[in-house]
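Below, each chain spelled out in residue letters.
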Amino acid sequence: ARSRAEFEKLGANLIMVSPQTPDKAGMQEGDGRVRPLTVEEGERIFRVASGLDAWAAEVRDTSALAVRGKYSSDVEIHGIQPSFTDLRNFRVSSGRLLSDADLDETARICALGSEIAEELFDPGQDPGGQEVVLDMANDASAKAGAPGAGGLRCRVIGVLASKGQASWINFDRYVLMPLTTAQR
């Protein structure tokens, strides 16, 4: 029963497709680097695969930093399409999730995991509408909150409802932003 609950945190009936690592046969550049799948390739896989109801592209940075004033927190940034939140069973405890319009506009917005919100904001303070700096290079200059110093400023639109942990993945440390914004 515990294993099933952990798998359900990942998303029910979920298949994840990604390029293989350079030490295996697969999609590699001439210099041995793995070439990421494109959104167009994902759409093509979705169209030709049978039995799939939905799909979502994702890019991620697992060693990023979120900064707000004197507070900072290690985070996982996930650039996503809006369908990702349904596929992976994400909900909000306050605010809202990402929309297609946010994706189209390359909006500088994000939804914070519950632990991140607790670490960056004082108890009882609503993160909605507040600005945080997301440093995808984990650059020390972002810790100081320096404008334009290695970080992307974004407005918080929501706080994710706590999902806890499944194996080594802590969903409460996720920061979700539009895929188009994360790809900039």
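Residues numbered from 1 in each chain as written. Predicted model: local features only at pLDDT ≥ 70, side-chain atom pairs only at ≥ 80, totals over all residues. Heavy atoms only, no water.

Quick word on the overall build of the protein
Stated formally: Counting from the N terminus, the helices are DSSP H or I runs at least four residues long and the strands are E runs at least two residues long. The cut-offs for exposure are 20% and 50% of the maximum accessible area for each residue type, with area from a 1.4 Å probe on protein chains only; residues under the lower value are buried, those over the upper are exposed, and the others partly exposed. What makes two residues a contact is simply this: any of their non-hydrogen atoms within 4.5 Å. Per-residue and other accessible areas were derived by the Shrake-Rupley procedure at a 1.4 Å probe size, with only the shown protein chains allowed to occlude residues.
Secondary structure assignment for the protein yields 7 helices and 9 strands. By the burial criterion, 37% of the 184 residues in the protein qualify as buried. Partitioning the intrachain contacts of the protein with sequence separation of at least 6 by distance along the chain shows that 65% fall at a separation of at least 24. Per element, the accessible surface of the protein, about 10400 Å² overall, is 49% carbon and sulfur.

Regarding the packing of aromatic side chains
Here is the rule we go by: Only the six-membered ring of Trp is used, alongside the rings of Phe and Tyr, when aromatic pairs are assigned; centres must lie within 6.5 Å, and planes under 30 degrees apart are stacked while those over 60 apart are edge-to-face, with the rest tilted. Distance and angle both matter: a charge sits over a ring if NZ of Lys or CZ of Arg is within 6 Å of the ring centre and within 35 degrees of the ring normal.
The final tally for this structure, using the stated rule, is 4 aromatic pairs. An aromatic cluster is built from Phe84, Phe90, Phe171 and Tyr174, whose rings are joined through pairwise contacts. The cationic tip of Lys163 hangs over the ring face of Phe90; the distance from NZ or CZ to the ring centre is 4.3 Å. A cation sits over an aromatic face here: Lys163 above Phe171, 4.4 Å from the ring centre.

Topic: the side chain of Ser114
Secondary-structure assignment places Ser114 in helix H5 (residues 114–120). When residues no more than four places from it in sequence are discounted, the contact partners of Ser114 are Val159, Leu160, Ser162 and Asp172.

What about unusual backbone geometry?
Its identity is not glycine, yet Asn89 carries a phi of approximately 60 degrees, on the positive side. The topology assignment puts Asn89 in the loop between helix H3 (83–87) and strand S3 (92–95). Note on Asn89: relative accessible area 29%, which makes it partly exposed. One non-glycine residue, Thr106, adopts positive backbone phi at about 50 degrees. As for its position among the elements, Thr106 is in the loop between helix H4 (100–104) and strand S4 (109–112).

Quick look at the environment of Ser94
If you trace the backbone, Ser94 turns up in strand S3. Since its relative accessible area comes to 27%, Ser94 is described here as partly exposed. For the pair Ser94 and Ala161, spaced 67 residues apart in sequence, the C-alpha to C-alpha distance is 7.9 Å. When neighbours within four sequence positions are excluded, Ser94 is seen to be in contact with Gly158 and Val159.

Describing the confidence of the model for the protein
Rules: The pLDDT score gives, residue by residue, the confidence of the prediction method on a 0 to 100 scale.
Looking at the protein as a whole, the pLDDT averages 81, with 74% of positions reaching at least 70. Least confident of the elements in the protein is helix H6 (residues 140–143), whose mean pLDDT is 45; most confident is S4, at 97. Predicted confidence is poor over residues 139–148, with pLDDT under 50, and the contacts of this stretch with residues over four places away or in other chains come to 16 contacts.

Observations concerning the pairing of strand S2 (residues 71–80)
As a general feature of sheets, a regular strand has side chains that alternate between the two faces. To keep it simple, the criterion reads: The criterion for strand pairing is that DSSP finds at least two bridges linking the strands in question.
Among the 10 residues that make up S2, 7 are buried, leaving the element largely enclosed by the rest of the structure. Here strand S1 (residues 58–68) pairs with S2 via 9 bridges, running antiparallel. Directly across from Arg68, in S2, lies its bridge partner Tyr71. Where S2 meets strand S9 (residues 174–178), 5 bridges bridge the pair, whose relative direction is parallel. Bridge assignment links Ile77 to a residue of S9, and that residue is Val175.

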